[in-house]
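# Secondary and tertiary structure notes
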Amino acid sequence: MSARGKQRLVKGLLTLLVAGGLIAINGPTLVSAGKNALHDYKINSQGYKERAGHWSMLSVPEEMRVNAIHAALLRTGKVLIVAGSGNDSKQFDAGKFRTILWDPETDEFKRIDTPSDMFCAGHTFLPDGKLLIAGGTRRYEKLREDVEHAAGVMTIKNESPDGAPVTVPKDTEFLSPDGLAFRSTKEAVVHPAVKEIAANGRTTVSASSTEVWVEAVDRGAAPVVDRPTQFTIDGIHRDTDELYGYATSLTRAKQDYWGDDKSYLFDPATERYERVDNMTLARWYPTLVSLEDGRVLSVSGLDEFGRIIKGDNEIYDPETKQWKDQPQLKRTFPTYPALYLMPNGKLFYTGSNAGYGSDTVGRDPGIWDLSDNSFEKVPGLREPRQTETSGSVLLPPAQDQRYMIAGGGGIGDSERSTARTDVIDLTAAKPHFEPGPDLEEPTRYPNMVITPDDKVVITGGSSGYRGNGESNLLLCHIYDPRSGDLTRMADPTVGRNYHAEALLLPDGRLITLGSDSLYGDSEGTRPGTFEQRIEIYSPPYLFKGDRPQIASGPKHVGRGATVWFGIPNAGSVESARLVRPSAVTHVTDVEQRSIKLDISRNGAGLDVRIPKSAGLVPSGWYMLFVSDENGAPSKAHWVHVR
Ligand SMILES: [Cu+2]
């Protein structure tokens, strides 16, 4: 008999025993079965749902189950779920990359051809509603025990301005003065040095260089380079002072994931990926953030050889479909920095990040002014060394410019985690973080989702690094930015830790998906398995009876315009919000925001005013929700704001 069948039988027995007045003879199994029945009864009662909401499981056909690493809500109302190789090296080696599209309205799933490994890429919506996805995985990490040959990055330098570019074939040997030999793993081309003659007639020559990954010819511990060393290049008949190899570290240390430079648009209309220009740098764990002019800034990440990128950031222009390096915007952050576009066009960095980076550089929250690359730190954040794997959100409504940072932990695989939440008001003369309510438990990876009633659902997470079955937190709360209260809601049944996401659907429900436990148990003896179930949360506002309805209205609206929407019972509508859909990964969702709209009654509908500021309402597709006096929202009406 299945476990569920057994449970049903026990439940049935219990009912009989209660009916017969024999409850006094029950054993521990019956007590727990009784408790389960009571719990089931409680969480399914109308009163409980009205107060705490309700969780249910989405039924996903077996062949559509994927390791959800990324999730984005498209303007068609469908959810794009991207796994890529899904943190599974076997899938990577087999070249099997996956994406699934789910339509919450029909519950239909569709497989999407996935041209490369978008695992741990960055993403953001463009003004036309296409999702820009950039970066991903070019090679999986190699753990220390799997590294047999010392390896690392060899810089090939050319100091001579004369002659043609030099091709250094794959498998070329580089020889150190001590006789150590390293072999290149790829062909490399190095250009002549650049010769410049200044106005005063003085000539300067700057060496040109290129990088290539090399591995020691001999196995084992001996061929290790741990200080700056110059190499001669075998088979290249040039002066060794002119053309040579240079490396500072060729060791048997762990090798981190290698980033990819590929970049794609996902088009909600054709439901396909379209390849666009490569980024100037390969990036693994970059944050992509939309700017007020519709361009996209790509920040941080691990580069083509798994090194943290030190301050090189770049911009995608949707007009030209090109990426361009931005040397004037040099600024270093840890991977997946939480950067939010402010109404004044500056970016606010809450301090949240996920994954990799310096222990000290780029971890302080502050305001980044892109016009002069200045960075103004903001004070007051408690537990400032525990921002890794924390959650961040621009609290609703976005006009208030209040941001919350919640939970997080120490850098790397630290055992520390925090229950701290802090809130900052950027409209203040001297903004500083103020304490918010503590989470119920110290929490890494809390998922935070804005709802149309100006609240934030905070759900899931794990008390420990990367999580395991026992450190998952089956908790869900709603934070009310107005009162500052954090209220416990119904408990989710599926744990969510690393590589998990949550987002708001156009019908007002939320989904949570993904979760990537490192271990299956708290002792770390069993490997974890990727959580493929998708759970749905219906907040209390969906159990309050009739909901307002948006019956008609324009699809395209201009910033600063007043537009009319047909709304039966418009008199019951108290508020209207534009909610920008989520594009979320690794607890990083810098897209979602909820903008308050001024409304006035006009006939059988409402006049709705779209704010003017492109920093507040960047161009793109939004969900328009109207809510009644109970906070019950309508279903969303999609509008394109330009
Ligand atoms: Cu990842």
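These notes cover the structure that comes with them.

So, how was this worked out
Residues numbered from 1 in each chain as written. Predicted model: local features only at pLDDT ≥ 70, side-chain atom pairs only at ≥ 80, totals over all residues. Heavy atoms only, no water. Helix = DSSP H or I, 4+ residues; strand = E, 2+ residues; numbered from the N terminus. Rg over C-alpha atoms; globule rule 2.2 N^0.38 Å. Buried < 20%, exposed > 50% of the residue type's maximum accessible area, 1.4 Å probe, protein only. Contact = heavy atoms within 4.5 Å. Areas by Shrake-Rupley, 256 points an atom, 1.4 Å probe, with all protein chains shown as cover. Lys, Arg positive; Asp, Glu negative; His and termini not counted. Charge placed at Lys NZ, Arg CZ, Asp CG, Glu CD. Patch = residues over 30% accessible without salt bridge, like charges linked within 9 Å, V, L, I, M, F, W, Y side chains within 5 Å. Salt bridge = Lys/Arg side-chain N within 4 Å of Asp/Glu carboxyl O. Core = buried A, V, L, I, M, F, W, Y, C linked by side-chain atoms within 4.5 Å. Pairing = 2+ DSSP bridges. Axes fitted to C-alpha atoms, helices over the stretch in contact; angles between N-to-C directions. Donors = N, O, S within 2.8 Å, 3.2 Å for Na, K, Ca; no water. Tetrahedral: all angles 85-135°; square planar, octahedral: opposite > 155°, others 65-115°. Phe/Tyr/Trp six-rings, centres within 6.5 Å; stacked < 30°, edge-to-face > 60°. Lys NZ or Arg CZ within 6 Å of the ring centre and 35° of its normal.

## Observations regarding the overall build of the chain
Check the secondary structure of the chain and you find four helices and 48 strands. Against the 2.2 N^0.38 benchmark of 26 Å for 642 residues, the chain shows a C-alpha radius of gyration of 27 Å, consistent with a compact globule. With respect to the three principal axes, the spread of C-alpha positions in the chain is 95 × 65 × 45 Å. Burial status across the chain gives 55% buried among its 642 residues. Of all intrachain contacts in the chain linking residues separated by at least 6 positions in sequence, the fraction that spans at least 24 positions is 61%. Element-wise, carbon and sulfur atoms account for 48% of the exposed surface of the chain, whose accessible area totals about 27400 Å². Averaging the locations of the 74 positively and 85 negatively charged side chains of the chain gives two centres separated by 3 Å.

## A word on a nonpolar patch on the surface
Judged by side-chain polarity, Tyr-465, Leu-518 and Tyr-519 come together as a nonpolar surface patch covering roughly 240 Å² of accessible area. Of the residues examined, Tyr-519 reaches a relative accessible area of 36% and is grouped as partly exposed.

## Structural notes on the nonpolar core
By size, the foremost hydrophobic cluster in this structure holds 49 residues, and its most contacted members are Leu-297, Phe-348, Trp-368 and Leu-578. Contact partners of Leu-297, with chain neighbours within four places excluded, come to Thr-287, Leu-288, Val-289, Leu-291, Asn-313, Glu-314, Ile-315, Leu-329, Leu-347, Trp-368 and Leu-370. Counting residues in hydrophobic clusters, the runner-up holds 42 residues, among them Ala-52, Phe-109, Ala-490 and Tyr-541.

## Let's talk about the sheet that holds strand S9 (residues 151-158)
Spatial strand order, S9-S16-S12-S11-S17-S18: six strands in a closed barrel with antiparallel pairing. Between one strand axis and the next, the sheet turns through 40 degrees on average, direction left out of account. Bridging between S9 and strand S16 (residues 208-216) involves eight bridges; their strand directions are antiparallel. Across the sheet, Val-153 pairs through a bridge with Trp-213, a residue of S16.

## Observations concerning the pairing of strand S17 (residues 229-233)
Of the two faces of S17, the one holding Thr-229, Phe-231 and Ile-233 is buried and the one holding Gln-230 and Thr-232 is not buried anywhere. Relative to strand S18 (residues 243-247), S17 runs antiparallel, the two being bridged by three bridges. Counterpart to Thr-229 in the pairing with S18 is Ala-247.

## Some details on the side chain of Ser-176
Mapped onto the elements, Ser-176 comes out in the loop between strand S11 (173-175) and strand S12 (181-184). Contact partners of Ser-176, with chain neighbours within four places excluded, come to Thr-229, Gln-230 and Phe-231.

## Considerations on the coordination of the copper ion
Coordination sphere of the copper ion, protein contribution only: Cys-120 (SG), Tyr-285 (OH), His-499 (NE2) and His-586 (NE2), at 2.0 to 2.4 Å. Each of the four donor atoms bound to the copper ion contributes to angles spanning 88 to 123 degrees, and the resulting shape is tetrahedral. Of note, the donors binding the copper ion are all from one chain and are spaced C-x164-Y-x213-H-x86-H. With Tyr-285 in the loop between strand S21 (272-276) and strand S22 (287-290) and His-499 in the loop between strand S37 (485-488) and strand S38 (500-504), this residue pair connects regions lying 214 residues apart in the sequence. For the residue pair Tyr-285 and His-499, the accessibility class agrees, reading buried in each case.

## Re unusual backbone geometry
Following Pro-396, the chain continues to Pro-397 via a peptide bond in cis, the omega torsion being -10 degrees. Summarising the element assignment, Pro-397 is placed in the loop between strand S30 (391-394) and strand S31 (402-406). Despite not being glycine, Asp-107 shows a phi value in the positive range, around 60 degrees. Along the chain, Asp-107 falls in the loop between strand S4 (98-103) and strand S5 (108-113). In this structure, Ser-515 takes a positive phi of about 145 degrees despite not being glycine.

## Considerations on the packing of aromatic side chains
Evaluation of the coordinates by the stated rule reveals 27 aromatic pairs. An angle of 65 degrees between the planes, with centres 6.3 Å apart, marks the rings of Phe-333 and Phe-375 as edge-to-face. On the criterion of sequence distance, the pair formed by Phe-333 in the loop between strand S25 (322-325) and strand S26 (339-341) and Phe-375 in strand S29 (residues 374-377) is long-range, its members being 42 residues apart. Since its relative accessible area comes to 3%, Phe-333 is described here as buried. When the centroid spacing of 6.5 Å and the interplanar angle of 35 degrees are considered together, the rings of Phe-348 and Phe-433 count as tilted. In this pair, Phe-348 sits in strand S27 (residues 347-349) while Phe-433 sits in strand S33 (residues 433-435), placing the two residues 85 residues apart along the sequence. For Phe-433, a relative accessible area of 3% puts it in the buried group. Here the aromatic residues Phe-92, Phe-97, Phe-119, Tyr-140, Tyr-257, Trp-284, Tyr-285, Tyr-336 and Tyr-356 are joined through ring pairs into a cluster of three or more. Between the NZ or CZ atom of Arg-139 and the centre of the ring of Trp-258, over which it lies, the distance is 4.0 Å. Geometry around Tyr-246 places Lys-157 over its ring, the cationic atom sitting 5.5 Å from the centre.

In short, geometric facts, not functional conclusions.
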